[in-house]
Amino acid sequence: MGRKKLLVSDFALSFMWVCSGVLLKSFIIKNMSFSHSHLAEIVKFSFSIANMFFYAFLSKLFHGGANNPLATLVDAISGDFHNFLFCIGSRIPAQVIGYIVGVKLLIDNIPEVGRGPRLNVNIPLGALTEGILTFVIVIISLGLAATKIRRNFFMKTWISSLIKIILHKVGSGLTGGCMNPASVMGWAYARGDHITKEHFFVYWLAPIEATLLAVWTFKLLVRHMRKDKTCSKRKSD
């Protein structure tokens, strides 16, 4: 896929993701009388899963378009230096701009959408929370991509979506459970606090470090497993 088309798809997916998430939430709260019941949670879960499947399909359709800088960062680390520069210098900014434009549009037209995820704990705990959540989802995503499950679109997307929802619930009361720096950037930019140390350390530095650590850990585990298999084969021979 051409690089220009990839940038357009990154921007479009990021813009659509933030808009669809807010609109779905607003629809459930406004139009369903059981918004605070267990049935409402089931409905929200179903919509969230369906939404993730839809965007996973779009990402596949766009041949690698993404709405999360962390997924792009994993690709950047795995590729050559030119691809790394392209991802860091162009793709991630395109995603950030997509979220900023989407949030701006939402706030201008639906003022009651709120102000996005907020840090409810101190900076060290917030950074640790986002770091752990990011590490877990990146490790799982790499694991799914390295097994036979990667060929099964439904199973791969189902497992990934389910884990993301669980991790989001775990961290929602502390940091928002975002695991997406660009998404938080969109809301923080709208609030005017995108240059604070809380935003930088919790929503950018911690997830990026966790992503790098997850990729390094996964490569180390894969290398160790391959070495064990080679040794076992030699012994059997």
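Residues numbered from 1 in each chain as written. Predicted model: local features only at pLDDT ≥ 70, side-chain atom pairs only at ≥ 80, totals over all residues. Heavy atoms only, no water.

Description of the overall build of the chain
On a plain count of helices and strands, the chain comes out with 8 helices and 0 strands. Along the chain, helices and strands appear, N-terminal first, in the series α-α-α-α-α-α-α-α. Looking at the 237 residues of the chain, the share that counts as buried comes to 38%. Taking the intrachain contacts of the chain between residues at least 6 apart in sequence as the baseline, contacts between residues at least 24 apart amount to 78%. Summed over all atoms, the accessible surface of the chain reaches about 13700 Å², with 67% contributed by carbon and sulfur. The average position of the 27 basic charges and that of the 12 acidic charges among the side chains of the chain differ by 8 Å. (Helix = DSSP H or I, 4+ residues; strand = E, 2+ residues; numbered from the N terminus. Buried < 20%, exposed > 50% of the residue type's maximum accessible area, 1.4 Å probe, protein only. Contact = heavy atoms within 4.5 Å. Areas by Shrake-Rupley, 256 points an atom, 1.4 Å probe, with all protein chains shown as cover. Lys, Arg positive; Asp, Glu negative; His and termini not counted. Charge placed at Lys NZ, Arg CZ, Asp CG, Glu CD.)

Topic: the nonpolar core
Counting residues in each nonpolar core, the largest one holds 16 residues, and the members touching the most others are Val18, Val96, Leu106, Val113 and Trp187. Judged by nonpolar contacts, the second largest core, of 10 residues, contains Val74, Ile137, Leu167 and Ala214. (Core = buried A, V, L, I, M, F, W, Y, C linked by side-chain atoms within 4.5 Å.)

Some remarks on the packing of helix 5 (residues 123-146) against helix 6 (residues 153-171)
Contact geometry for helix 5 and helix 6: axes closest at 11 Å, N-to-C directions at 170°. In terms of their interaxial angle, helix 5 and helix 6 are classed as roughly antiparallel. Here Thr129, Leu133, Val136, Ile137, Ile140 and Leu144 of helix 5 lie close against helix 6, whose contacting residues are Lys156, Ile159, Ser160, Ile163, Lys164, Leu167, Val170 and Gly171. Taken together, the residues of the contact of helix 5 with helix 6 sort by class into 9 nonpolar, 3 polar and 2 charged. (Axes fitted to C-alpha atoms, helices over the stretch in contact; angles between N-to-C directions. Parallel < 35°, antiparallel > 145°, perpendicular 65-115°, else oblique. Nonpolar A, V, L, I, M, F, W, Y, C, P; charged D, E, K, R; others polar.)

Considering the packing of aromatic side chains
On inspection of all chains with the given rule, the structure shows 8 aromatic pairs. Residues Phe81 and Phe84 carry aromatic rings whose centres are separated by 6.5 Å and whose planes lie at 20° to one another, so their mutual orientation is stacked. With Phe81 and Phe84 both in helix 4 (residues 81-109), this residue pair falls 3 residues apart, about one helical turn. Residue Phe81 is classed as exposed on the basis of its relative accessible area of 56%. Against the face of Phe86 rests Arg3, its NZ or CZ located 4.4 Å from the ring centre. (Phe/Tyr/Trp six-rings, centres within 6.5 Å; stacked < 30°, edge-to-face > 60°. Lys NZ or Arg CZ within 6 Å of the ring centre and 35° of its normal.)

What about the pattern of salt bridges?
What the rule picks out here adds up to 3 salt bridges. In this structure, Asp10 engages Arg91 in a salt bridge whose closest nitrogen and oxygen atoms are separated by 2.6 Å. In this pair, Asp10 sits in helix 1 (residues 3-31) while Arg91 sits in helix 4, placing the two residues 81 residues apart along the sequence. Grouping residues by exposure puts Asp10 and Arg91 together as buried. With a closest N to O distance of 3.1 Å, Arg191 and Asp193 form a salt bridge. Accessibility expressed as a relative area gives 22% for Arg191, which makes it partly exposed. (Salt bridge = Lys/Arg side-chain N within 4 Å of Asp/Glu carboxyl O.)

Things to note about a positive patch on the surface
On the surface, a cluster of positive charge is contributed by Lys60, Lys148, Arg150, Arg151 and Lys156. Turning to its location among the elements, Arg151 is positioned in the loop between helix 5 and helix 6. (Patch = residues over 30% accessible without salt bridge, like charges linked within 9 Å, V, L, I, M, F, W, Y side chains within 5 Å.)

Remarks on the packing of helix 4 against helix 7 (residues 181-191)
One can describe the packing of helix 4 onto helix 7 by two numbers: an axis separation of 8 Å at closest approach and a directional angle of 45°. Here helix 7 runs oblique to helix 4, going by the angle between their axes. In this structure, helix 4 crosses over helix 7, and the sense of that crossing is right-handed. On helix 7, the residues touching Gln95, Val96, Tyr99, Ile100, Val103 and Ile107 of helix 4 are Ala182, Ser183, Met185, Gly186, Trp187, Tyr189 and Ala190. Grouping the amino acids of the contact of helix 4 with helix 7 by side-chain chemistry returns 10 nonpolar, 3 polar and no charged. (Left-handed = near helix turned anticlockwise from the far one by under 90°.)

Remember, this is a structural readout, not a statement about activity or role.
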